[in-house]
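What follows is the residue order along each chain.
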Amino acid sequence: MRRQLQTMRKSLFDQGYLDEQFVQLEELQDDANPNFVEEVVTLYYRDSGRIILNIEQALERKPFDFNKLDAYMHQFKGSSSSIGAKKVKAESTLFREYCRSRNGEGCMRTFQQLKKEYATLRRKLEAYFQLARQAGPVETACRPK
Amino acid sequence: MAAQGRHGGKKSNKMTALVVDDNTVNRMIHHRLLDNLGIENVAVVNGKEAVDIHCSGKTFDLILMDMDMPVMNGIEATRQLREMGIRSMIAGVSTRSMEREIREFIEAGLDDYQEKPLTMSKLISIIHKING
């Protein structure tokens, strides 16, 4: 099961879903805070869900308020970056570029892709954390990079 | 005897930090980073709360100041803290990358600036500046 966990973890990085920042979070986890990463990710999805909703509502209002959309996405990108959500962060960057160039269609298209990546990552991380719980705690020295 | 933090930092009643960030995820991560270094820390959610906590008489060795916050942003908060005579190390942490924006933040009175996300090595480099 531990090997399966390692394989799952590795694939999250190899497939570009996560970046080095996720490793930084793992390094903050210890015996006193054994679920730190999962707690941060849970908090991320709770908080960022509100921002996603704000953006959805803002995209329903015409004409687009690109400054507001950009401000929302700035917040969202910051959180996504903090947990190492690489693909989500990339879509956030693209969305902001479309905001700056006042490209409404680009914003809408990118936002749909962003939501897909966001949901996919959530699914993968939930599966990863579930397996990690089943596998039990790991010695810090043995945690692979 | 001062207790050891996980990364060897001494948990001392002298080293304290204030996290100023409106983002819950970042506050959680910054709190944990500081905790691991044995630094006692509190968090507030905007620049006005940062100013208010100092007005209440509290001071900190280190302030981690986000730039974009509602009510009062990091630039204005830094400016006000310096005008109040606060000489703590203020490190700006932000996702902003435009030179002009960062320069404005630094000119408000920062001692250091680090791009988010904040990592242990970035935080240690900030701490080293406090210790000289």
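Every chain begins its residue count from 1, and numbering advances along the sequence as written. Labels are handed out in written order, letters beginning with A for the chains and numbers beginning with 1 for the ligands. In keeping with the predicted nature of the model, local features appear solely for residues at pLDDT of at least 70, side-chain atom pairs appear and are counted solely at 80 or more, and the whole-chain, interface and lining totals rest on all residues. Working from all heavy atoms in the structure, the side-chain values ignore hydrogens and water.

The name given to chain B in an unreviewed UniProt entry is Response regulatory domain-containing protein, with Hibiscus sabdariffa as the source organism.

The name an unreviewed UniProt entry gives chain A is Histidine-containing phosphotransfer protein, with Hibiscus sabdariffa as the organism. Listed in UniProt under the heading Function (unreviewed entry), the comment for chain A reads: "Functions as a two-component phosphorelay mediators between cytokinin sensor histidine kinases and response regulators (B-type ARRs). Plays an important role in propagating cytokinin signal transduction." UniProt positions are given in the numbering used here, feature names are shortened, and annotations may be inferred rather than shown by experiment.

Which parts of the structure should I look at to understand the UniProt feature "modified residue: Phosphohistidine" (unreviewed entry) in chain A?
Within this numbering scheme, the UniProt entry marks His-74 of chain A as carrying the feature "modified residue: Phosphohistidine" (unreviewed entry). Strands are runs of DSSP state E lasting at least two residues, helices are runs of H or I lasting at least four, and both sets are numbered from the N terminus onward. Looking at the element boundaries, His-74 of chain A is found in helix α4 (residues 66-82). Owing to a relative accessible area of 11%, His-74 of chain A belongs among the buried residues under this scheme. Setting aside chain neighbours within four positions, we find His-74 of chain A in contact with Arg-96 of chain A together with Asp-68, Thr-95 and Arg-96 of chain B. Three labels apply to residues, based on accessible area from a 1.4 Å probe with only protein chains included: buried if under 20% of the type maximum, exposed if over 50%, partly exposed otherwise in between. Only heavy atoms matter for contacts: two residues are in contact if any of them lie within 4.5 Å across the pair.

I keep staring at the packing of α4 of chain A against helix α6 (residues 104-135) of chain A and nothing clicks. Help me out?
The description of two packed helices rests on the angle between their axes and on the distance between the axes. All names here are of chain A. Lines fitted to the C-alpha atoms define the axes, with helices restricted to the stretch that makes contact. Angles between their N-to-C directions range from 0 to 180 degrees. Between α4 and α6, the least distance of the axes is 13 Å, while the angle of their chain directions is 20°. By the angle between their directions, the pair α4 and α6 is classed as roughly parallel. Crossing angle aside, the handedness with which α4 passes α6 is left-handed. Within the contact between the two elements, α4 uses Phe-66, Met-73 and Phe-76 and α6 uses Gly-104, Cys-107, Phe-111, Leu-114 and Tyr-118. Residue composition of the contact of α4 with α6, grouped by class: seven nonpolar, one polar and no charged. Working definition: roughly parallel below 35 degrees, roughly antiparallel above 145 degrees, roughly perpendicular at 65 to 115 degrees, and oblique for all remaining angles. In a left-handed crossing the near helix is turned counterclockwise from the far helix by less than a right angle, and in a right-handed crossing that turn is clockwise. Three categories are distinguished: nonpolar for Ala, Val, Leu, Ile, Met, Phe, Trp, Tyr, Cys and Pro, charged for Asp, Glu, Lys and Arg, and polar for the others, with Gly belonging to the last.

Looking at this structure, I do not really get the interface of chain B and chain A. What am I missing?
Each partner contributes to the interface: chain B provides 18 residues, whereas chain A provides 23 residues. Here the quantity called buried area is the accessible surface, traced with a 1.4 Å probe, that two parts lose on coming together, added over both. Buried area between chain B and chain A, summed over both chains or domains, comes out near 1700 Å², and the portion from carbon and sulfur atoms is 57%. Among the salt bridges present, the one from Asp-30 of chain A reaches Arg-32 of chain B, with a minimum N-O distance of 2.9 Å. Polar contacts here mean pairs of N or O atoms no more than 3.5 Å apart (in protein, one a potential hydrogen donor and the other a potential acceptor; neighbouring residues in sequence count only if both atoms are side-chain atoms). Between chain B and chain A we count eight residue pairs in polar contact (both at pLDDT 80 or more) in total. Sort the elements by how many residues they give to the side of chain B that touches chain A and helix α1 (residues 24-36) of chain B lands first, with eight residues. When the residues that make up the side of chain B that touches chain A are grouped by side-chain class, the tally is seven nonpolar, six polar and five charged. Definition used for salt bridges: Asp or Glu carboxyl oxygen within 4 Å of a side-chain nitrogen of Lys or Arg.

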